[in-house]
Amino acid sequence: MNENAPMVVSDPLAAFEREGMVKLVAPAKTNLFLNIGEKRPDGYHEATTVMHALTLHDVLHMDCIAQGGGGLQIEVSCHAREGLEQLSIASEDNIVHKAIALLACKLGRSENELISVRIEKHIPHEAGLGGGSSDAAAALVGAAKLWGVDADAPEIREAACELGADVAFFLHGGCACLTGAGEVFHHTLDPMKKAAVLVKPEGGVSTSAAYIAFDADPVALDAADQEAALAAVCAEDVPLRNNLAAASESLLPGLAEMLAWLADQEGVEGSLMSGSGSAAFAVCATFDDACRIVAAARNRGWWARTTAFSSARAAVIPR
Ligand SMILES: C[C@@](CO)(OP(=O)(O)O)[C@H](O)COP(=O)(O)OP(=O)(O)OC[C@H]1O[C@@H](n2ccc(N)nc2=O)[C@H](O)[C@@H]1O
Ligand SMILES: Nc1ncnc2c1ncn2[C@@H]1O[C@H](COP(=O)(O)OP(=O)(O)O)[C@@H](O)[C@H]1O
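- With an unreviewed UniProt entry as reference, the protein is termed 4-diphosphocytidyl-2-C-methyl-D-erythritol kinase, source organism Raoultibacter massiliensis.
- Annotation of the protein in UniProt includes, under Catalytic activity (unreviewed entry), the sentence "4-CDP-2-C-methyl-D-erythritol + ATP = 4-CDP-2-C-methyl-D-erythritol 2-phosphate + ADP + H(+)".
- Among the UniProt annotations of the protein, the heading Sequence similarities (unreviewed entry) holds the following wording: "Belongs to the GHMP kinase family. IspE subfamily."

## Notes on the site of ligand 2
- In the vicinity of ligand 2, 17 residues are found, and the nearest of them are Glu 126, Ala 127, Gly 128, Gly 130 and Gly 132.
- Glu 126 has a polar backbone atom sitting 2.5 Å from an oxygen atom of ligand 2.
- Between ligand 2 and Asp 135, the relevant distance is 3.0 Å, taken from a nitrogen atom to a side-chain nitrogen or oxygen of the residue.
- Its free accessible area being 530 Å², ligand 2 has 80% of it covered by the protein chains.
- The cavity where ligand 2 resides is the largest pocket.
- Taken together, the elements giving at least two residues each to the shell around ligand 2 come down to strand E4 (113-121) and helix H2 (131-146).
- Residue contributions to the shell around ligand 2 peak at three residues, all from H2.
- When grouped by side-chain class, the residues that make up the shell around ligand 2 number six nonpolar, seven polar and four charged.

## Describing the layout of surface pockets
- Estimates place the volume of the largest pocket at around 1200 Å³.
- Sorting the residues of the lining of the largest pocket by element identifies strand E1 (22-39), strand E2 (45-66), helix H1 (95-107), H2 and helix H5 (207-216) as the ones contributing at least two each.
- Here the lining of the largest pocket gets five residues from one element, more than from any other, and that element is H5.
- Class assignment for the residues of the lining of the largest pocket results in 18 nonpolar, 19 polar and nine charged.
- The two domains that each donate at least three residues to the lining of the largest pocket are domain 1 (15-189 + 311-316) and domain 2 (195-308).
- Considered as a void within the structure, the second largest pocket measures approximately 330 Å³ in volume.
- Every residue lining the second largest pocket is counted, 21 residues in all, and those nearest its centre are Leu 84, Glu 85, Pro 124, His 125 and Lys 200.
- Take the lining of the second largest pocket: its biggest share by element is three residues, from strand E3 (residues 72-80).
- Residues that form the lining of the second largest pocket fall into these classes: nine nonpolar, seven polar and five charged.

The rules we used
Residues numbered from 1 in each chain as written. Chains lettered and ligands numbered in written order. Predicted model: local features only at pLDDT ≥ 70, side-chain atom pairs only at ≥ 80, totals over all residues. Heavy atoms only, no water. UniProt positions renumbered as here; feature names shortened; annotations may be inferred. Near = heavy atom within 4 Å. Polar contact = N/O pair within 3.5 Å; in protein donor to acceptor, adjacent residues only side chain to side chain. Areas by Shrake-Rupley, 256 points an atom, 1.4 Å probe, with all protein chains shown as cover. 1 Å grid on protein atoms, 1.4 Å probe; cavity = no way out; pocket = protein on both sides within 12 Å on 5 of 7 lines; lining within 4 Å. Sits in = over half its atoms within 2 Å of the grid points. Helix = DSSP H or I, 4+ residues; strand = E, 2+ residues; numbered from the N terminus. Nonpolar A, V, L, I, M, F, W, Y, C, P; charged D, E, K, R; others polar. Points joined across faces, edges and corners; volume = space filled by probe spheres on them. Domains from an automatic or database assignment.

Below, the structure written as structure tokens:
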């Protein structure tokens, strides 16, 4: 090796990372199966879902800086990548901010310190891809690491369940069947090793708006599909169903057309709206099929990209 050759820095941010900082991966998810049931007295709905992590992910950089006073301070900045629309929310409204504050409270932590978080957003928001929930799970894992708290501490899972129905899944990742309001683990499934396409029309769907539209006109799935999802051992065995799709379609003109278009593409083995939408995924026979479908979707003006099913979870990236 030539010792005078210039050093190649593969990650440009690495040069700015302080010793002790933590970098985390926050994967997107899709729901292979989503069966919403009755509304409960707490306002949440019964849900049976099979979630699968995707290789598409956000990246979080977290640092802990000692302060002279003022207790816990949290600063979260969000940076849109890959041409995504900037998420214009205040630091304190970011679910990552809430996650860190909640975990500190549960751990009884009262040090004077600043937790600074920089989120690189690759996952579109209001897409049903769980970006915010995954960021929150990663922030819990990252804060625990910065504070020297065991990754299995029960406070982490408790905080995840309080932050939102989807957050707990991201601590587990891979493919899992969940019940309750979507936060109770039923069983783990063998993940799929397949290429996929994600497509999203302009505009998103608010999760709470989708649930309200669902209550106005509920759709029931077959009991046989519910049994198949609860019994499935592999991700491939899960029937692709989502009874929230009609509600989301009623909220976003153009969504139904996009879902029909995706289902009709050559090389698509199965497709479905992701969670509450507005993104959809298609399982593809080959990576070449996925690339061709992405190009065709972009020609129609939709956001689209290839991805793959993954066994990832929200986790620290080793340095
Ligand atoms: C629909 C799903 C499918 O995985 O997620 P997305 O596709 O939006 O990511 C989930 O059920 C969403 O989970 P999550 O996005 O964590 O929702 P939360 O923040 O907990 O709740 C947002 C709102 O959705 C409604 N909600 C959520 C979950 C549930 N089982 N019943 C509900 O009624 C409630 O009105 C709640 O105020
Ligand atoms: N870190 C974050 N990433 C994305 N959205 C966030 C974040 N923090 C708060 N939010 C808010 O939460 C909403 C839902 O999160 P989002 O990732 O869009 O979920 P989903 O698409 O799975 O329904 C967003 O529209 C945004 O207003």
